[in-house]
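Structural overview
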Amino acid sequence: MSSDGRVVYSGPSLDAEAHFESMRNVPRKPEAVNIADFMLDVVLSADDDDIDAMIDDFEKSDVRANGRNMTHTLRVRCEDGDGGGDDDDGGDDAAATPLTKYVASYPRQVRALLRRMVRNVRRHPFLILLHFVATGVASLGLGGVFFAAGKDTGGIQNRMGCLFFILLYLALMSLSSLPVWREDRLLFLRERASGAYGVNAYFTSVVLFDVLVLRVFPPMFFTVVTYPLVGLHGGSFLVYLARASWFTLVNVLANVASSALCMAIGIVTPSNAVANVCGLMAILSSVLSGGFLLNKQNVSGSSVSSSSSAAAAASHRSPANVFVKVLTKTSFVNYAYDALLVNEFLDAGTFRFTPKFTDAAGQNENAGVGVDVSGREVLQFFSFGDTRAAMRYDVCVLCAIAGAYLAAAFVLLKVSVRRSGAGRG
């Protein structure tokens with residue numbers, strides 16, 4: 001269809017290529033381009049005069065004539081089936097009675113949309129390949145940088161840094177969800193207005209495809225590659241399997257939450273440029289208050305004892321500190337990072353703090369002084385959760401945040417469609 005709603009082509013897909021080749025003002029279709037994509041590109045790039053010529057050619061074509069004959073045949077059969085064969089009045093009444101349009105069920109709409117998304121990925125696989133290749137390279141590189149992290153002070157820092165970088169990487173890669181609603185917006189509005197499918201089916205199919213393909217599989221690279229290379233929490237096979245499973249689950253939930261946030265932002269922003277800025281600011285705010293860059297003791301106020309001055313206590317009640325607390329409580333990175341650290345350090349054996357000293361000559365030396373601590377004490381020292389219950393709580397909050405962001409995206413999409421005037425919800 002053209003931009004003003006006139007039909008440029010309507011007929012069998014097998015006849016489409018020959019029909020467009022018969023028109024003088026249409027370029028030849030490249031061999032590697034799908035006919036549907038070619039027709040769409042031609043209509044979008046043509047000016048008004050070319051569109052008028054295409055419409056005239058279609059009205060005079062054999063495809064159009066065959067379509068009219070088929071429509072007439074179906075109308076006659078429908079009238080005969082309604083008992084309008086002998087009675088002229090009855091025949092007129094049957095012809096005047098509008099036919100009820102078939103509406104596919106919700107599961108069938110979702111399946112059809114998912115099949116189309118899979119076909120589009122086969123035709124244009126660059127984004128999917130980029131996600132998988134980039135994640136594979138990142139997981140291998142991260143394993144090389146933090147290879148065989150020990151259990152001394154440096155090893156503790158490396159483990160924390162590795163886990164934080166994984167969350168940062170997944171959060172930034174989820175920015176690809178920002179334009180997911182805008183890329184096919186016009187097609188979605190037209191097809192929905194024609195009754196092909198509803199908002200519910202469209203939202204479900206997009207979320208399922210994005211989550212299953214881009215948010216579940218990429219984090220598994222870090223489980224399969226990075227986890228053993230860095231030497232994260234191991235033990236017996238069952239313990240290793242359980243810890244790696246929790247590691248994967250937390251990364252997937254964090255990835256889904258970040259993607260859902262970007263989806264919601266992409267709906268309300270007027271352009272991709274604005275969406276990129278807003279999405280990046282939202283991700284960075286969550287990363288900043290994620291527990292690695294900002295000391296949790298200062299945020300929680302646990303460092304203020306009963307003997308602290310009134311000014312120090314008042315500083316923790318300042319508007320700035322309250323704002324930071326709100327950011328921390330709403331940050332999906334905060335809960336994901338806390339869960340990953342509990343999974344890594346709790347019941348992981350003995351760690352050793354190895355402080356370094358500087359002698360009178362200014363030379364750094366390690367005098368063999370070290371403090372053996374348990375993994376729980378490491379978590380307590382940095383004010384992270386130190387129980388299995390804390391990790392399960394973090395996972396539950398991650399699920400709630402991801403669900404809230406998806407619900408917000410769904411509501412915003414409904415409102416956006418209603419404002420566009422594309423039919424009823």
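Keep in mind the model is a prediction, meaning the values are calculated, not measured. (Residues numbered from 1 in each chain as written. Predicted model: local features only at pLDDT ≥ 70, side-chain atom pairs only at ≥ 80, totals over all residues. Heavy atoms only, no water.)

1. Details of the nonpolar core
- Trp 181, Phe 332 and Leu 413 are the most contacted members of the largest nonpolar core, which totals 82 residues.
- Among residues more than four places away in sequence, those in contact with Leu 413 are Trp 181, Phe 188, Val 199, Tyr 202, Phe 203 and Ile 267.
- With 16 residues, the next largest nonpolar core counts Val 8, Val 26, Met 39 and Met 54 among its residues. (Core = buried A, V, L, I, M, F, W, Y, C linked by side-chain atoms within 4.5 Å. Buried < 20%, exposed > 50% of the residue type's maximum accessible area, 1.4 Å probe, protein only. Contact = heavy atoms within 4.5 Å.)

2. Quick word on the pattern of salt bridges
- For the coordinates displayed, the defined rule picks out six salt bridges.
- A salt bridge links Arg 6 to Asp 52, with the nearest nitrogen and oxygen atoms 2.7 Å apart. Of this pair, Arg 6 sits in the segment before helix 1 (13-21) while Asp 52 is found in helix 3 (residues 48-60), placing the two residues 46 residues apart along the sequence. (Salt bridge = Lys/Arg side-chain N within 4 Å of Asp/Glu carboxyl O. Helix = DSSP H or I, 4+ residues; strand = E, 2+ residues; numbered from the N terminus.)

3. So, the environment of Arg 116
- With respect to the helices and strands, Arg 116 occurs in helix 6 (residues 106-123).
- By relative accessible area, Arg 116 is classed as partly exposed at 26%.
- Residues in contact with Arg 116, not counting those within four places in the same chain, are Leu 187, Glu 191 and Tyr 197.

4. Focus on a nonpolar patch on the surface
- The grouping of Phe 126, Leu 127 and Leu 130 at the surface amounts to a nonpolar patch, some 320 Å² of accessible area in total.
- Its relative accessible area of 63% is what places Phe 126 among the exposed residues. (Patch = residues over 30% accessible without salt bridge, like charges linked within 9 Å, V, L, I, M, F, W, Y side chains within 5 Å. Areas by Shrake-Rupley, 256 points an atom, 1.4 Å probe, with all protein chains shown as cover.)

5. A few points about the packing of aromatic side chains
- On inspection of all chains with the given rule, the structure shows 20 aromatic pairs.
- Their ring planes at 75 degrees and their centres at 6.0 Å tell us that Phe 132 and Phe 221 sit as a pair that is edge-to-face. Highlighted residues: Phe 132 in helix 7 (residues 126-145) and Phe 221 in helix 10 (residues 199-230), separated in sequence by 89 residues.
- Overall, the relative accessible area of 26% leaves Phe 221 in the partly exposed class.
- Between Phe 345 and Phe 351 the ring centres are 5.2 Å apart and the planes differ by 50 degrees, which places this aromatic pair in the tilted class.
- Lying over the aromatic face of Phe 351, Lys 151 brings its terminal NZ or CZ to 5.1 Å of the ring centre. (Phe/Tyr/Trp six-rings, centres within 6.5 Å; stacked < 30°, edge-to-face > 60°. Lys NZ or Arg CZ within 6 Å of the ring centre and 35° of its normal.)

6. Considering helix 12 (residues 272-288)
- Between its first and last C-alpha, helix 12 extends 24 Å over 17 residues, near the 24 Å set by a 1.5 Å rise per residue.
- Burial in helix 12 covers these residues: Ala 275, Gly 279, Ile 283, Ser 286 and Val 287. An end-on view of helix 12 places all buried positions within 100 degrees of arc, on one side of the element. Among the exposed residues of helix 12, those oriented more than 90 degrees off its buried face are Ala 273, Val 277 and Met 281. (Expected span 1.5 Å × (residues − 1). Arc of directions from axis to C-beta.)

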